[in-house]
Amino acid sequence: MIKSLPTKHLLLIAAVSILLAIVLIAVPEEKSTNNTISVEASFEVIDQSKLVFQDLKKPIPNSKVASSTSLPLNETNYIYEIPTPDTLVKKNSPPTFKTQSVEVKAGDSLSKVLSSEGVTAQDIYKVSLADKTQKTLLQMRPGQTLNFTTNETSSELTQLTLTLNRLDSVTFERNGDKFDRKEASRTPEITQTYKEAEINNSLFVDGLKSGIDQPLLIELANIFGWDIDFALDIRKGDSLSVLYEEKFLDGEKIGHGNIIATQFINNGRTFQAIRYETKKGANYYTPDGLAMRKAFIRTPVDFTRISSKFNPNRLHPVFKTTRPHRGVDYAAASGTPVKAAGDGKISFAGKQNGYGNVVIIDHGKGYQTLYAHLRGFARGTKRGARVQQGKIIAYVGQTGWATGPHLHYEFRINGTHKNPVTVKLPNDDPMPKSDLKNFLPYAQEVVTTLTESHSPSFAQKLALLKN
Ligand SMILES: [Zn+2]
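Residues numbered from 1 in each chain as written. Predicted model: local features only at pLDDT ≥ 70, side-chain atom pairs only at ≥ 80, totals over all residues. Heavy atoms only, no water.

The name that an unreviewed UniProt entry assigns to the chain is Peptidoglycan DD-metalloendopeptidase family protein, with the source organism given as Marinomonas profundi. Under Subcellular location (unreviewed entry), UniProt gives the following word-for-word description of the chain: "Cell envelope". (UniProt positions renumbered as here; feature names shortened; annotations may be inferred.)

A. A look at the sheet that holds strand β9 (residues 269–278). In space, the five strands of this open sheet follow the order β6-β7-β8-β9-β10, with antiparallel pairing throughout. Edge positions in the open sheet fall to β6 (189–199) and β10 (281–285), since each of these has one partner strand only. The sheet shows a mean angle of 25 degrees between the axes of neighbouring strands, direction not considered. Bridge count between strand β8 (residues 252–266) and β9: six bridges; the pairing is antiparallel. Bridging from a neighbouring strand, T262 pairs with A273 of β9. On the sheet, helix α7 (residues 214–224) packs against β7 (238–249), β8, β9 and β10 and is oriented at approximately 35 degrees with respect to β8. (Pairing = 2+ DSSP bridges. Helix = DSSP H or I, 4+ residues; strand = E, 2+ residues; numbered from the N terminus. Axes fitted to C-alpha atoms, helices over the stretch in contact; angles between N-to-C directions. Contact = heavy atoms within 4.5 Å.)

B. Quick peek at the sheet that holds strand β5 (residues 178–185). One open sheet accounts for five strands, arranged β1-β2-β3-β4-β5; its pairing is antiparallel. In the strand order of this sheet, the two ends are held by β1 (97–103) and β5, each with one partner. Ignoring strand direction, the axes of neighbouring strands in this sheet form an average angle of 15 degrees. Of the pairings in the sheet, the one linking β1 to strand β2 (residues 145–151) comprises seven bridges and is antiparallel in character. Each residue of the ladder has a partner; that of Q100, found in β2, is F148. Strands β3 (157–163), β4 (168–175) and β5 of the sheet are contacted by helix α5 (residues 121–130), whose axis makes an angle of about 50 degrees with β5.

C. Inspection of the packing of aromatic side chains at higher detail. Applying the stated criterion to the full structure yields ten aromatic pairs. With a centroid separation of 5.8 Å and an interplanar angle of 55 degrees, the aromatic rings of F224 and F264 are classed as tilted. Taken together, the residues F224 in helix α7 and F264 in strand β8 connect sequence positions 40 residues apart. Considered together, F224 and F264 belong to a single accessibility category, that of buried residues. When the centroid spacing of 5.7 Å and the interplanar angle of 45 degrees are considered together, the rings of Y276 and Y442 count as tilted. Here Y276, found in strand β9, pairs with Y442, found in helix α8 (residues 433–453); they are 166 residues apart in sequence, far enough to count as distant. Its relative accessible area of 15% is what places Y276 among the buried residues. Accessibility expressed as a relative area gives 28% for Y442, which makes it partly exposed. (Phe/Tyr/Trp six-rings, centres within 6.5 Å; stacked < 30°, edge-to-face > 60°. Buried < 20%, exposed > 50% of the residue type's maximum accessible area, 1.4 Å probe, protein only.)

D. Looking closely at α7. Buried residues of α7: L216, L217, L220, A221, I223 and F224, and no others. For α7, the angular spread of buried residues about the axis comes to 160 degrees, placing them on one side. Along its buried surface, α7 packs onto α6 (203–209), β7, β8, β9 and β10. (Arc of directions from axis to C-beta.)

E. Up close: the confidence of the model for the chain. Per-residue confidence for the chain averages 83 on the pLDDT scale, and 79% of its residues sit at or above 70. Here residues 1–5 is modelled with pLDDT under 50, and outside its nearest four sequence neighbours on either side it reaches four contacts, counting other chains as well. Across residues 26–75 the pLDDT falls below 50, and counting only partners more than four positions away or on other chains, this stretch makes 37 contacts in the model. (pLDDT = per-residue confidence, 0-100.)

F. Examining the coordination of the zinc ion more closely. Protein coordination at the zinc ion: the donors are H325 (NE2), D329 (OD), D329 (OD) and H408 (ND1), at 2.0 to 2.8 Å from the metal. Relative to the metal, the four donor atoms surrounding the zinc ion lie at angles of 52 to 153 degrees, and the coordination shape comes out irregular. Donor residues for the zinc ion sit on one chain with the sequence pattern H-x3-D-x78-H. Overall, the relative accessible area of 3% leaves H325 in the buried class. With relative accessibility at 7%, the residue D329 sits in the buried group. (Donors = N, O, S within 2.8 Å, 3.2 Å for Na, K, Ca; no water. Tetrahedral: all angles 85-135°; square planar, octahedral: opposite > 155°, others 65-115°.)

G. Representation of the nonpolar core within the structure. Grouped together as the largest cluster of nonpolar side chains are 27 residues, with contacts concentrated most on V338, I361, Y371, I393, L407, Y409 and F411. Among the secondary structure elements, those contributing two or more residues to this core are β12 (328–331), β15 (356–364), β16 (367–377), β18 (392–396) and β19 (406–413). Considering each element in turn, this core owes the most residues, four residues, to β19. Dropping the residues within four chain positions of it, I393 is found in contact with V338, K339, A340, V359, I361, Y371, F377, A378, T381 and V387. In terms of nonpolar packing, the next biggest core, distinct from the first, is built from 22 residues, A197, A221, A273 and M292 among them. (Core = buried A, V, L, I, M, F, W, Y, C linked by side-chain atoms within 4.5 Å.)

Take a look at the structure:
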């Protein structure tokens, strides 16, 4: 370090050191707590001399020294005013701090990162104590950043920040003998964006081509998924338009926000969905205020194939007699989770002859669903328990009269068996009347914005579709 300093600075350091030596000798009562004057102490002075360099940069006018000087300086020489010892030596030098930034890697823990940078185990313990409720530091993940500041003299940790993502961070600030924990979140700027796409291959292929990113396409598929089977129903010439929010941070796009409104024309049928928030949360509704979400999911299991269709006049595979098949059989591996098709209350969970292990759910308004041949039940599946749509209630098996692992699923309305594959599923609970009053004019406004955003060629195509 000393080598890199210009020669004149070296001279100054020498001068300063001598001055300091004088001061130290002259003022013996100013004993430092250390018994010895260590090498570090004199480095402190060099550090302080930075202040002096600042002062020395101002040469005293009219004091040019002739170039014949014996000093081996190669630039114009000045006579510098050397400050008096009192301004040089302070009783306590101000502490200097070092801030470091470390990216968390796989297998890193707080103590691993900090201890390798010289932070004491005691300080690491104190920080984790401040985080003991939230445990954010325990859950830090690769790619996140740790910034921390230590006192260079005492190596005491003074501040630590874990940056979780571009928006959120947690800071631990030393407060005496403990640390205070503080969370911070930045708010991204939100703008409205419009995109449109003609679907000729699939929602995903053509959506991506039109600049709609994948997470947004997945959301769109979920919004319309109650009405459109994106694997089977898509026709060449279908069209999609969407009004949504984009999030920006420091002028850079960091992701999308909510889908405000969207329209999909599938095989001549128009579906429009508008996001609206009620006391029950945010949901998507038709412009008339009907929920896009249906009260039931169509298939309560991820199946490989339908092994037996709904058929009131079927020949039973085991009994070889005419026995109606009043449900649908979904072949699936043994152990595949079975979900509740809709919100409701379990009215039966147990064994019934031919059904084997069976669950029956009452959904109210005369709707009932039945799940049979189960290998076993999920925790909490018992008579009287309330379930929500999509909750795992049991697992596929082949108990009862079954020739292979499958789910036998029945859908009953007021006691009558309906074909679960084709039955018209009721919409989810309608929007409360008090919300509807505000929603209807809002929906109209948003749909107008969406329509007015259509490009001329897109609008022309839609007009042709409607004729
Ligand atoms: Zn069956």
